[in-house]
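A closer look at the structure
In case you want the letters, here they are:
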Amino acid sequence: MLRLSTLFVRTLREDPADAEVPSHKALVRAGYIRRAAPGGFSWLPLGWLVYRNVERIIREEMDRAGFQEVHFPALLPREPYELSGRWTDYGDNVFRLKDRRGNDFIMAPTHEEMFTLLVKDLYSSYKDLPLVIYQIQTKYRDEARPRAGLLRGREFVMKDSYSFDIDDEGLAVSYQRHRDVYIKVFERLGLPVVIVSAMSGAMGGSASEEFLAPIDVGEDTYVRCTSCDYAANVEAVRVPPPPAEDNVDAPPAAVEDTPDTPTIVTLVDLMNARDDLRRSDREWTAADTLKNVVVKLRHPDGTFEPLAIGVPGDRDVDMKRLEAAVLPAAAEPFADADFAAHPELAKGYIGPGVLGVASSSDIRFVVDPRVVDGTRWITGADRPGRHVVGLVAGRDFTPDGVLDVADVRAGDACPDCGGSLELARGVEMGHIFQLGRLYATALGLTVLGPDGQQITPTMGSYGIGVSRAVAAIAETTLDELGLCWPRQVAPADVHVVVAAKPGSEQFPAAERLAGELEQAGVRVLLDDRDTVSPGVKFKDAELLGVPTIVVVGRGLADGVVEVKDRRTGERRDVALAEVVTALRG
RNA sequence: CGGGGAGUAGCGCAGCCUGGUAGCGCUCCUGCUUUGGGAGCAGGAGGUCGGGGGUUCAAAUCCCCCCUCCCCGACCA
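Keep in mind that this is a model prediction, so the values were computed, not measured.

So, on to the overall build of chain A. Within chain A, the secondary structure is distributed over 14 helices and 30 strands. Referenced to the eigenvectors of the C-alpha coordinate spread, the extents of chain A come out at roughly 95 × 70 × 45 Å. Burial status across chain A gives 52% buried among its 585 residues. The contacts of chain A with a sequence gap of at least 6 include a subset with a gap of at least 24, amounting to 68%. Counting only carbon and sulfur atoms, one obtains 50% of the accessible surface of chain A, whose full area is about 26,600 Å². Positive and negative side-chain charges of chain A, numbering 67 and 90 respectively, have mean locations separated by a distance of 6 Å.

Okay, structure coming up:
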């Protein structure tokens, strides 16, 4: 039994100044966690109880699925990461250190290599597969900017599992099993999640889905169709291309003088103001223009490549979508110095004249899916103050490819049903994806197949943010009074408040009741403090967020106590003799 | 790493502009009173004013450098 008179906790009357997001404020105010380092938190007894409940539920579901838990060192040697190429790929995001002999180590940011090597170490036959092993461990990443309390620390706990199969069919089964387990886990945690398709990015592989908790302060943006069940991370949205048009007979493109129109807005204004350029049927809009944005790709080998991206003028290039699309390269803005190195690019007036197939430059030119053959555009003429009107895609220029990285907006068409998309924010709680043979190949994991040939197994990777889940659950359940835990993860089932004078009969009565509840298997937090007033106890009970609050107070004279539901605020009087039965669940 | 804000008692803040005894509320301790919605009175404890340099008779306050925290961006689970 937890007793507030001796529990190692101190609630704060005011929000901590260094917290911004509601869950962070509430967890600190309620005495669940304390900041201990940049991006690092200490767990106090109540917080640790919640954490352990979350961890236990995840572990139970993993074990029930037949997955087996392993445990790795957090301090890892350099070699495995050298083999996979991630010693350098990870860059500044990993904590590095040396031992006394000068050997390199890292604080594990993730354990793909160790899993792969462990299987290589022990298994050598296809008969040993499939296999799923998992860990629940602390990960260390030197985040440039830790924030939002537990939602994004530099030290955090993840459940990570890896599946090993001999073929794609097996991988698909392992993937589906994880998907089913995850749905059950989040349901048990009381954490609402939206499953969205995600990029698998540089990791290769095909299927990849994220489990996002819908939280306003989340750092992931996703879309959801208002008509069908399509949902995707904004990075993974695929814009449905419009049908190609037959415009080969359209009037030839004409170069026009358009002085002082370096931006889309100025260009459209000028087009509509000029009698000779005005459209007869409607006004020109930004969507009639083709904006060519140049960025610089930094490849993993350190080389740079300019890339021109043509998007409809009413859209911008979404840097996050671009980054996701060009992995493992990174995208950087095209600086003035870069323009100086490419005099053929007239800033503000860049057009397909110098881009694309058979063009004068060797700059790769990719376009938005909306730029299909036959569409007509107003775009730069590659000379300051000049634009081309009526340029037909496929007839007058041919891009080197399609790249779907324009910003996604609410109201955009759903790629599945054509309905309308809406945008929302979320926190990534889980991620499942088919990793493929990347690590197995890099680390030389093979097994002997039935025909005596070496087979490289294919892998799946599946994560759940454990410590993050505590914050996410808090975030999605708290209210203006404080925390409000789902019973499964709450630090106790019942919070017994003694509201009476010290020395009064309520104290021993509450003790007895708490004892009986415990006997009946109910987890009890007893506020047996005789030094604080009832008002303080009520406030604390609400702040701490135990789902049921029992008040042993003035009703005791009539043989009743008050049973209050923390979430709904509903309260009812229950005869003392019936409390245990009523609360046993 | 870019832009903005902020570091003064355990927590939340004022003081800084205009240099001169370090303050307020909460918390904590002692005593008395109080006990169904963050109690009252009285007394008390607690601070190298983020760190280091400098200016000055004198620095929380002015100047320089550094560190940390928060927010927006970049990056990431």
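All right, on to the environment of Leu-481 then. With respect to the helices and strands, the residue Leu-481 is situated in the loop between helix H11 (466-477) and strand S26 (494-498). Counting along the chain gives 100 residues from Leu-481 to Ala-381, while the straight-line C-alpha distance between them is 61 Å. Non-local contacts of Leu-481, meaning those with residues more than four positions away in its chain, are made with Glu-542, Leu-543 and Arg-566.

Let us look at the state of the cysteines. Following the criterion strictly, the structure yields zero disulfides and no others. Cysteine Cys-228 is unpaired, with the sulfur of Cys-417 as its nearest cysteine sulfur at 3.5 Å.

Moving on: the protein's contact with RNA strand B. Within the structure, RNA strand B sits among 47 residues, and Arg-13, Arg-152, Glu-323, Glu-428 and Glu-542 are positioned closest to it. Protein-proximal atoms of RNA strand B, defined as those within 4 Å of the protein, fall in sugar or phosphate at a share of 48%. At a separation of 2.7 Å, a phosphate oxygen of RNA strand B approaches a polar backbone atom of Ala-17. Only helix H8 (319-326), helix H13 (534-544) and strand S29 (560-565) provide two or more residues apiece to the surface near RNA strand B.

This brings us to the packing of aromatic side chains. Applying the stated rule across the entire model yields 10 aromatic pairs. Measuring from ring centre to ring centre gives 4.5 Å for Trp-48 and Tyr-51, while their planes differ by 10 degrees; the resulting arrangement is stacked. Taken as a pair, Trp-48 and Tyr-51 lie in helix H2 (residues 45-64) at a separation of three residues, close to a single helical turn. Between the aromatic rings of Phe-72 and Phe-115, the centroid separation amounts to 4.8 Å while the plane-to-plane angle is 70 degrees, which identifies the pairing as edge-to-face. Note that Phe-72 is positioned in the loop between strand S4 (68-69) and strand S5 (75-77) and Phe-115 in helix H5 (residues 112-122), a separation of 43 residues in sequence. For Phe-115, a relative accessible area of 0% puts it in the buried group. Ring-pair connections join several aromatic residues into one group, and the members of that group are Trp-43, Trp-48 and Tyr-51. Directly above the aromatic system of Phe-538 lies the positively charged group of Lys-564, at a separation of 5.5 Å from the ring centroid.

Before going further, it helps to examine the pairing of strand S27 (residues 524-527). By the alternation rule, side chains of S27 split into Val-524 and Leu-526 and Leu-525 and Asp-527, which are all buried. As judged from the two bridges shared by strand S1 (residues 2-3) and S27, these two strands associate in the parallel manner. Within S27, the position partnered with Leu-2 by the bridge is Leu-525. Relative to S27, S26 runs parallel, the two being bridged by four bridges. Among the inter-strand pairings, His-495 is bridged to a residue of S27, identified as Leu-525. At this point the chain moves from S26, through helix H12 (residues 506-519), to the parallel S27, and the crossover so formed is right-handed.

With respect to topology, six strands assemble into an open sheet ordered S1-S27-S26-S28-S29-S30, the strand pairing being mixed. In this open sheet, the two strands that pair with only one neighbour each are S1 and strand S30 (571-575).

Our focus in this paragraph is the sheet that holds strand S6 (residues 96-98). Spatially, the three strands line up as an open sheet ordered S5-S7-S6, and their pairing is antiparallel. Edge positions in the open sheet fall to S5 and S6, since each of these has one partner strand only. For this sheet, the mean inter-axis angle between neighbouring strands, taken without regard to orientation, is 40 degrees. Pairing of S5 with strand S7 (residues 104-107) involves three bridges; the strand directions are antiparallel. What sits directly across from Leu-76, in S7, is Ile-106.

Another point: unusual backbone geometry. Put simply, Leu-129 and Pro-130 share a cis peptide bond, and its omega is 5 degrees. You can see Pro-130 is positioned in the loop between H5 and strand S8 (131-140).

Those residues of H13 that sit buried are Lys-537, Asp-540, Ala-541, Glu-542, Leu-543 and Leu-544. Positioned one or two residues after H13, Gly-545 has a phi angle of 80 degrees, which is positive.

The rules behind these values
- Residues numbered from 1 in each chain as written.
- Chains lettered and ligands numbered in written order.
- Predicted model: local features only at pLDDT ≥ 70, side-chain atom pairs only at ≥ 80, totals over all residues.
- Heavy atoms only, no water.
- Helix = DSSP H or I, 4+ residues; strand = E, 2+ residues; numbered from the N terminus.
- Buried < 20%, exposed > 50% of the residue type's maximum accessible area, 1.4 Å probe, protein only.
- Contact = heavy atoms within 4.5 Å.
- Areas by Shrake-Rupley, 256 points an atom, 1.4 Å probe, with all protein chains shown as cover.
- Lys, Arg positive; Asp, Glu negative; His and termini not counted.
- Charge placed at Lys NZ, Arg CZ, Asp CG, Glu CD.
- Disulfide = S-S within 2.5 Å.
- Near = heavy atom within 4 Å.
- Polar contact = N/O pair within 3.5 Å; in protein donor to acceptor, adjacent residues only side chain to side chain.
- Phe/Tyr/Trp six-rings, centres within 6.5 Å; stacked < 30°, edge-to-face > 60°.
- Lys NZ or Arg CZ within 6 Å of the ring centre and 35° of its normal.
- Pairing = 2+ DSSP bridges.
- Right-handed = clockwise from strand over helix to strand, strands pointing away.
- Axes fitted to C-alpha atoms, helices over the stretch in contact; angles between N-to-C directions.

On their own, these measurements won't tell you what the molecule is for.
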